[in-house]
Structure formats: C-alpha cells, structure tokens
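# Fold and geometry: a report
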Amino acid sequence: MTICGHKIELNIKKVTAGGHGIGYYAGKSIIVPYAVPGDLLSVKIKNDSAFAEIIDIKKFSEFRKTPDCPFHYAFDKSKSVFCGGCNLQMMNYTKQLDCKLAIVNDLPNLKAPEIIPSEHIFAYRNKIQMPTAGKKGKIITGIYQQGTHKITPVKNCLLHSSRANALLNDLQIILNKSGIPPYDETEGWVVHPQQV
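Anyway, here's the lowdown on the structure attached to this text. (Residues numbered from 1 in each chain as written. Predicted model: local features only at pLDDT ≥ 70, side-chain atom pairs only at ≥ 80, totals over all residues. Heavy atoms only, no water.)

Below, the discussion takes up the overall build of the protein. A tally of regular secondary structure across the protein gives 2 helices and 9 strands. Viewed in the frame of its principal axes, the protein has a C-alpha envelope of about 60 × 45 × 35 Å. By the burial criterion, 37% of the 196 residues in the protein qualify as buried. Across the protein, the fraction of contacts at a sequence separation of at least 24, relative to all contacts at a separation of at least 6, is 47%. (Helix = DSSP H or I, 4+ residues; strand = E, 2+ residues; numbered from the N terminus. Buried < 20%, exposed > 50% of the residue type's maximum accessible area, 1.4 Å probe, protein only. Contact = heavy atoms within 4.5 Å.)

Structure, rendered in structure tokens:
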C-alpha cells in the first residue's frame, strides 16, 4: 500500500539521530523534520520512504518552544528564509538531552547512564563550514536549507563563536572585493585568468 500523498494526524513519539520526529502510521515509521515528542500534527507524507512535512500543529508538545534563532525553520511558512543548520531549537534543552540519551541507548551494545549538559548551548562552535553562492562581487555565505543546495545567508549564527562569525563576515568582504565568482553548480568553475 502506498502512503505517499496521504494527509494524516500523527502523534510524535521520539526523535531520530538526525533530529527528526518519529510517529507511526499504517505499520510504518513516519519521519517528520522539526517535530517534537508530544506534538499532535497534521502532516502530509511526501514519499514512500515515509518522510512527511508539517501542515499544522493540532496540539503543541509541552517540550516545544520558540527557537532563539531567527533563521530556524517555521512550520507555518511565516518565514520564507530559513536555514537547515539546526534541528532541535524548537525543543527545550532538557528534552533535547533526554532525546539524545535515548538515541544512544537505542544503539546495540551501548548504554549510557546520562548525558552531561553543556555549560554553553550557544556560541560554542569554533569550526565552521559554510558554502558560498551568488555572482562576482555579490557573494553570499550561509547555510543550506535542509535537503537542498539553496543557501540562506547567515551572518551571525547563534552556534558559532563570536570570533568565528566575525571571521566569516570578513571573509565574505574579501571574497567580494576579489572579483572572483563563487562556484556555480550549473556552470561549474567559471574563472578566467585575468580574474585570478
């Protein structure tokens, strides 16, 4: 039986290692990005691999919160620009730790007694990897939207340290002054000797 295209109500039970919510329908695990355990959702199943997208939240989980980041995905499509760098900012931190512990303990032959909370849930990341796009002199840097190669320009990621954000912003200025175009996925490298 194909379930692709079905619109259903779904209770989210747990979270995958990739940070997606999981509910169950017609004997299948339905994977829903940006879902929180305890949510009752109206979803549309996108493919027979049982990925679904949120249409509406019928009942908000007690663990759901408003993400701190302005670029975090909004299920109601109120934001047309969002990035895919974070999966769990819509869940309170204590529940995030519970979910991560459950993911580890679901692995065969591995049991962890606890997860130690971080002292810093923001501004901790010193290694950054951000793609570039745009045209010569109008280069943007940012983060891919989930499942795409569409870049959301992000100047101050909440996870990056302030030094990493400053370095990235300086690099974008240097790239734009250089006159060298970024890699284009449709055209490939288009760099002429006089541009180097």
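So that's the structure; there's more coming.
All right, on to the sheet that holds strand E6 (residues 52-59) then. Taking strand neighbours across the sheet as the criterion, the 3 strands line up as E1-E5-E6 in an open arrangement whose pairing is antiparallel. Looking at strand neighbours, the two that pair on one side only are strand E1 (7-11) and E6, the edges of this open sheet. Geometrically, the sheet is characterised by an average inter-axis angle of 30° between neighbouring strands, direction not taken into account. Bridge count for strand E5 (residues 40-45) against E6 is 6 bridges, and the pairing is antiparallel. Bridge assignment links Ser-42 to a residue of E6, and that residue is Asp-56. (Pairing = 2+ DSSP bridges. Axes fitted to C-alpha atoms, helices over the stretch in contact; angles between N-to-C directions.)

Ranked by size, the top nonpolar core spans 14 residues in total, and within it Leu-10, Ile-30, Val-32, Leu-41 and Val-43 carry the most contacts. Looking at this core, the elements that each hand over two or more residues are E1, strand E4 (28-32), E5 and E6. With near-sequence residues (within four places) excluded, Ile-30 lies in contact with Ile-3, Leu-10, Gly-21, Ile-22, Gly-23, Tyr-25, Ile-45, Ala-50 and Ala-52. Grouped together as the second largest cluster of nonpolar side chains are 9 residues, Leu-88, Met-90, Met-91 and Cys-99 included. (Core = buried A, V, L, I, M, F, W, Y, C linked by side-chain atoms within 4.5 Å.)

Inspection of the secondary structure puts Thr-148 in the loop between strand E8 (138-144) and strand E9 (151-153). Overall, the relative accessible area of 32% leaves Thr-148 in the partly exposed class. For the pair formed by Thr-148 and Asn-109, sequence separation is 39 residues and the distance between their alpha carbons is 35 Å. There is a polar contact of 3.0 Å between the side chain of Thr-148 and the backbone oxygen of Gln-145. Of note is the side chain of Thr-148, whose polar atom sits 3.0 Å from the backbone nitrogen of Lys-150. (Polar contact = N/O pair within 3.5 Å; in protein donor to acceptor, adjacent residues only side chain to side chain.)

Another point: the environment of Ser-178. Inspection of the secondary structure assignment puts Ser-178 in helix H2 (residues 162-178). Take Ser-178: its relative accessible area is 34%, and that puts it in the partly exposed class. Once the C-alpha coordinates of Ser-178 and Lys-136 are considered, the two residues, 42 residues apart in sequence, prove to be 8.5 Å apart.

Further remarks concern H2. Here H2 contains 17 residues, and its C-alpha end-to-end distance of 24 Å stays within 8% of the 24 Å for a straight helix at 1.5 Å per residue. If you follow the buried residues of H2, they end up packed against E8. Where H2 ends, the next residue or the one after it, Gly-179, has phi of about 80°, a positive value. (Expected span 1.5 Å × (residues − 1).)

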